[in-house]
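Understanding the architecture of this molecule
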Amino acid sequence: MQEPSGFKPFVPADKVVPEFTITSVLLGALLAVVFGAANAYLGLRVGMTVAASIPAAVISMGVVRFILKKDSILENNMVQTIGSAGESVAAGAIFTLPAMFMLMQEWGVGVPSLLEIFLITFCGGTLGVLFMIPLRRALIVKEHGTLPYPEGTACSEVLLAGEEGGSKASAVFAGMGTAGLAKFLSDGLQIFPSRVHHELSVYKGAGIGVDVTPALLGVGYICGHQVASYMLAGSLLSWYILMPLLYLFGGETVIYPATIALVEMDSMAIWDNYIKYIGAGAIAAGGIISLIRSTPMIIGTFWESLKGYRQNLTWRTPRRTDLDLPKKAVLLGVISLLLLIWVTPPIRISPTGAIVIAIFGFFFATVSARMVGVVGSSNNLISGMTITTLIFSTWILKSTGEIGPAGMLSAIAVSSVICIIVAIAGDTSQDLKTGYILGATPRRQQLGELFGVLVASLTIGVVLYLLDAAWTFGSTALPAPQATLMKLIAEGVMSGNLPWGLIFAGIGIAITISVLRLPIVPFAVGLYLPVHLTLPIMIGGLVRLCCERRRRHSEQEKKDALANGLLYASGMIAGEGLVGVLLAVLAIIPFGTSNLLGQISLSAHFSIHTVGALIVLFLLTIALFRYSFWYESDQII
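Residues numbered from 1 in each chain as written. Predicted model: local features only at pLDDT ≥ 70, side-chain atom pairs only at ≥ 80, totals over all residues. Heavy atoms only, no water.

**Some words on unusual backbone geometry**
A negative phi holds for most residues other than glycine; trans holds for most peptide bonds. To keep things clear, this is the line we draw: Here a helix means four or more residues in a row that DSSP labels H or I, a strand means two or more in a row labelled E, and each is numbered from the N terminus. The rule is simple: take the accessible area with a 1.4 Å probe, protein chains only, and divide by the maximum for that residue type; under 20% is buried, over 50% is exposed, in between is partly exposed.
Here the residue pair Tyr256 and Pro257 is connected by a cis peptide bond, since its omega of 10 degrees sits within 30 degrees of zero. Tracing the backbone shows Pro257 in the loop between helix H10 (225-250) and helix H11 (267-293). Phi is positive for Arg348, close to 65 degrees, though the residue is something other than glycine. For Arg348, the location among the structural elements is in the loop between helix H13 (327-343) and helix H14 (351-375). Judged by its relative accessible area of 33%, Arg348 falls in the partly exposed class. One non-glycine residue, His609, lies in the positive phi region at around 60 degrees. Its place among the elements puts His609 in helix H24 (residues 609-626). Here His609 falls in the exposed class, since its relative accessible area comes to 53%.

Given below as structure tokens:
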């Protein structure tokens, strides 16, 4: 295998510059914790996470280049490599592990231990990195001109424009400060409500409202108006068609799984008792349909990757930019981790489950690594692959006699490992693409990925404990849509004690959306989520639309403004997530008859109420405009 003709990395292979340094390791570890915690909070709130590579790279340039006065693009690349690994571990963990919390709490047997969470996330994350290593030359080097890897290429462009890092880093920090302050004023001091809600008395069963949440504006800006509109459409269907119909035809009837009549419910109660199941069915069907549609690509990807791997076995070169971790070490690591999963009791995975992980893990890691090269990480079919694994593993475990609570927890643990493998494999491939363009040493990047996985695995359990203790998974504060879906699937396959009529209704809606050739997954997520969450996402998407379509500006000016807005939006998400975790800490610290969070509240003495909350939302929107639509490169601070 030869390197693509004419390609030369930014840093030549014969030049050695600092990469895996104390500065890059410490800063990368800090960002892994920061973005991991922020994405955990965001994913549990709205069922979505955002990539951390570009914000981490910009912050790194601001610190390394302009504060520490060091000039090493590969050092900055190492920071984003470690930092993005933390975000990916968090994404995989929060889509599955909260299901274990909810099941165990229902059974009155506590919650998963910190050791169990660490072992699941560490084994899954490490396997994801190791599975990707032998595929690097086939996917990153050989197909450099074929597979674009959008996020990896974009991150390299940001790093190559490092002379702008100081000004652009200020946008990230400004977003973090603004969002953090708003979150603390609303949910900390409770000066204004974070949710505005009003029941529609003339349209029983429906309600209207909005969450005054900076992170959701940021999510909408990053996703764009199209994805945001699909999510809002799903919420409109559930809140203004399905829920009023349930109220109208249900009347005084008590319909399972509720225990009271529909006429006694408000809109939030109808959503909690019925819409969550319809939305869960739609999400499951959407993930599986998307996976089926991609079957030809998946099969082709797997065989091409295996073919490339066999070719790689005979290629040896001493160049720095071609050095991977030794294949013997990779193979030994994979075998050791599978044995660890097999024999370690806290993980709750049987020998059958370990075999499922070995087969599905490598297959889906290969699929993920190539798929993100084509469609990007945001379109990676993580949910579809995880749902498929969960259904298959639950059925296998039930067939082999592992039934009841133990079987359900084992199936979810297997799916958690697979979900993290898929997330990390996609992230690793994007990072290695960035490194390939810049001229990084693959072996050092791979070590950075493994270190980022370790840091995130050590901290994600604490974050999950805090969030669950403060607000409870599955509540309106933390709906945890994907994890709730995993719980429902495990329960359904094992016991069948589910409102299947509602779930099949969601499946039918997803099939209808599929026939219309519309994106299923964002619509299904919107169907599940309250309209209070999708409305601010739509507002953020509209701000980006205004930025993209403004006149009397050159394409380069629009591109610069959009990039600055993306950084500010990423900062908003990180800022609110971090303050959300801080408030969770305050909420579980006892203080007299209440908790410390309750004691710092000012709502009893001062509150700007609903109107004030809407004014704050307006000001947050104006701030997002400030850093995108009204951005001028020579004026930004």
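**Let's talk about the pattern of salt bridges**
Stated formally: By definition here, a salt bridge exists when the distance from a side-chain nitrogen of Lys or Arg to a carboxyl oxygen of Asp or Glu is within 4 Å.
Considering all chains together, one arrives at 15 salt bridges under this definition. Note that Arg444 is salt-bridged to Glu19, the shortest N-O span being 3.4 Å. Here Arg444, found in helix H17 (residues 442-471), pairs with Glu19, found in the segment before helix H1 (22-46); they are 425 residues apart in sequence, far enough to count as distant. Judged by relative accessible area, which is 32%, Arg444 ranks as partly exposed. One network of salt bridges, with partners in common, ties together Arg45, Lys183, Asp187, Arg195, Asp211 and Glu576.

**What about empty space enclosed by the protein?**
To be explicit about the condition: Points on a 1 Å grid over protein atoms alone make up a cavity when a 1.4 Å probe fits among them but cannot get out, and a pocket when they form an open set with protein on both sides within 12 Å along at least five of seven lines; lining residues each have an atom within 4 Å of a point. Grid points are joined across faces, edges and corners, and a volume is the space filled by probe spheres set on the points. The residue classification treats Ala, Val, Leu, Ile, Met, Phe, Trp, Tyr, Cys and Pro as nonpolar and Asp, Glu, Lys and Arg as charged. All others, Gly included, are polar.
Scanning all chains against the criterion turns up 6 cavities of 30 Å³ or more. Space inside the largest cavity adds up to approximately 70 Å³. As for the largest cavity, its lining consists of 12 residues, and the residues nearest its centre are Arg136, Thr321, Gly435, Tyr436 and Ala440. Per-element tally for the lining of the largest cavity: the top contributor is helix H16 (residues 404-438), with 3 residues. Tallied by class, the residues present in the lining of the largest cavity amount to 6 nonpolar, 4 polar and 2 charged.

**Considering the environment of Ile349**
The criterion, for reference: Here, two residues are considered to be in contact whenever any of their heavy atoms come within 4.5 Å of each other.
By the secondary structure assignment, Ile349 is in the loop between H13 and H14. What Ile349 contacts, discounting residues up to four positions off in sequence, is Ile341, Trp342, Ala354, Ile357, Ser410, Ala413, Val414 and Val417.

**Quick word on the side chain of Thr81**
Going by this rule: What qualifies as a polar contact is a pair of N or O atoms within 3.5 Å, subject to a donor-acceptor requirement within protein and to the restriction that residues adjacent in sequence count only when both atoms come from side chains.
Residue placement: Thr81 occurs in helix H3 (residues 73-94). Its relative accessible area of 0% is what places Thr81 among the buried residues. Polar contacts involving the side chain of Thr81 include one to the side chain of Gln80, which spans 3.4 Å. With near-sequence residues (within four places) excluded, Thr81 lies in contact with Asp431, Gln445, Gly448 and Glu449.

**What about the layout of surface pockets?**
Any empty space left between atoms is shown by rolling a water-sized probe over those atoms. Size it by volume and the second largest pocket reaches roughly 420 Å³. For the second largest pocket, the lining is made up of 19 residues, of which Glu106, Tyr277, Lys487, Leu488 and Glu491 are closest to its centre. Breaking the lining of the second largest pocket down by element, the ones donating at least two residues are helix H4 (97-107), H11 and helix H18 (481-495). Here the lining of the second largest pocket gets 5 residues from one element, more than from any other, and that element is H18. Residue composition of the lining of the second largest pocket, grouped by class: 8 nonpolar, 6 polar and 5 charged.

**Observations concerning H24**
Quick note on the threshold: Helices are assigned an expected span. That span is 1.5 Å times one less than the residue count.
For H24, built from 18 residues, the straight-helix expectation of 26 Å at 1.5 Å per residue is met to within 8% by its first-to-last C-alpha distance of 26 Å. Listed in full, the buried residues belonging to H24 are Gly612, Ala613, Val616, Leu617, Leu620, Thr621, Ala623, Leu624 and Phe625.

**Overview of the side chain of Asp468**
Which entries qualify depends on this criterion: All tallies of charge rest on Lys and Arg as positive and Asp and Glu as negative; His and the ends of each chain are not included.
Tracing the backbone through its elements, the reader meets Asp468 in helix H17. In this structure, Asp468 is buried with no salt-bridge partner, the nearest side chain bearing the opposite charge being Lys487 at 12 Å. Polar contacts involving the side chain of Asp468 include one to the side chain of Gln105, which spans 2.6 Å. Looking at Asp468, its side chain comes within polar contact range of the main-chain nitrogen of Phe473, at 3.2 Å. Not counting the four nearest positions on each side in its chain, Asp468 is found in contact with Phe101, Gln105, Val111 and Phe473.

**Some thoughts on the packing of helix H7 (residues 150-160) against H16**
When two helices pack together, their arrangement is captured by the angle between the axes and the distance separating the axes. For clarity, the cut-off: For helices, the axis comes from a line fit to the C-alpha atoms of the stretch in contact; other axes are also lines fit to C-alpha atoms, and the angle between any two N-to-C directions lies between 0 and 180 degrees. What sets the label is the angle itself: under 35 degrees gives roughly parallel, over 145 gives roughly antiparallel, 65 to 115 gives roughly perpendicular, and the rest give oblique. Note on convention: near helix rotated counterclockwise from far helix by under a right angle means a left-handed crossing. Clockwise means right-handed.
As a packed pair, H7 and H16 sit with axes 7 Å apart at the nearest point and diverge in direction by 45 degrees. What the angle tells us is that H7 and H16 run oblique. Crossing geometry of H7 relative to H16 is assigned as right-handed. Listed contacts from H16 to Pro150, Glu151, Gly152, Thr153, Cys155, Ser156, Leu159 and Leu160 of H7 are Gln430, Lys433, Thr434, Ile437 and Leu438. When grouped by side-chain class, the residues that make up the contact of H7 with H16 number 6 nonpolar, 5 polar and 2 charged.

**Some details on H4**
A large share of H4 lies buried, amounting to 8 of its 11 residues. Looking at the packing, one finds that the buried side of H4 touches H1, H3, helix H5 (114-132), H16, H17 and H18. Gly108 sits one or two positions beyond H4 and adopts a positive phi of about 70 degrees.

**Let's talk about the packing of aromatic side chains**
Rules: Within 6.5 Å between ring centres, the rings of Phe, Tyr and Trp (the latter by its six-membered ring) count as paired, and their orientation is classed by plane angle as stacked under 30 degrees, edge-to-face over 60, tilted in between.
Tallied over the entire structure, the rule returns 12 aromatic pairs. The interplanar angle of 65 degrees and the centroid separation of 6.3 Å between the aromatic rings of Tyr41 and Trp471 together place this pair among those described as edge-to-face. A residue pair is termed long-range when its members are at least 10 positions apart, and Tyr41 in helix H1 and Trp471 in helix H17 qualify at 430 residues. Judged by its relative accessible area of 4%, Tyr41 is buried. Residue classification places Trp471 among the partly exposed residues on the basis of a relative accessible area of 21%. Measuring from ring centre to ring centre gives 4.4 Å for Tyr568 and Tyr627, while their planes differ by 5 degrees; the resulting arrangement is stacked. Pair noted here: Tyr568 is in helix H22 (residues 555-588) and Tyr627 is in the segment after H24, with a separation of 59 residues, a long-range link. Tyr627 carries the same exposure label as Tyr568, and that label is buried.

**Let's talk about the nonpolar core**
Applicable threshold: Buried residues of nine kinds, namely Ala, Val, Leu, Ile, Met, Phe, Trp, Tyr and Cys, make up a nonpolar core once their side-chain atoms join them within 4.5 Å.
Counting 133 residues, the largest nonpolar core has Leu127, Ile341, Ile357 and Leu464 as its most contacted members. Every residue in contact with Leu127, bar those within four places of it in the chain, is listed here: Val334, Leu337, Leu338, Ile341, Ile357 and Ile421. Judged by nonpolar contacts, the second largest core, of 52 residues, contains Val58, Leu562, Tyr568 and Val616.

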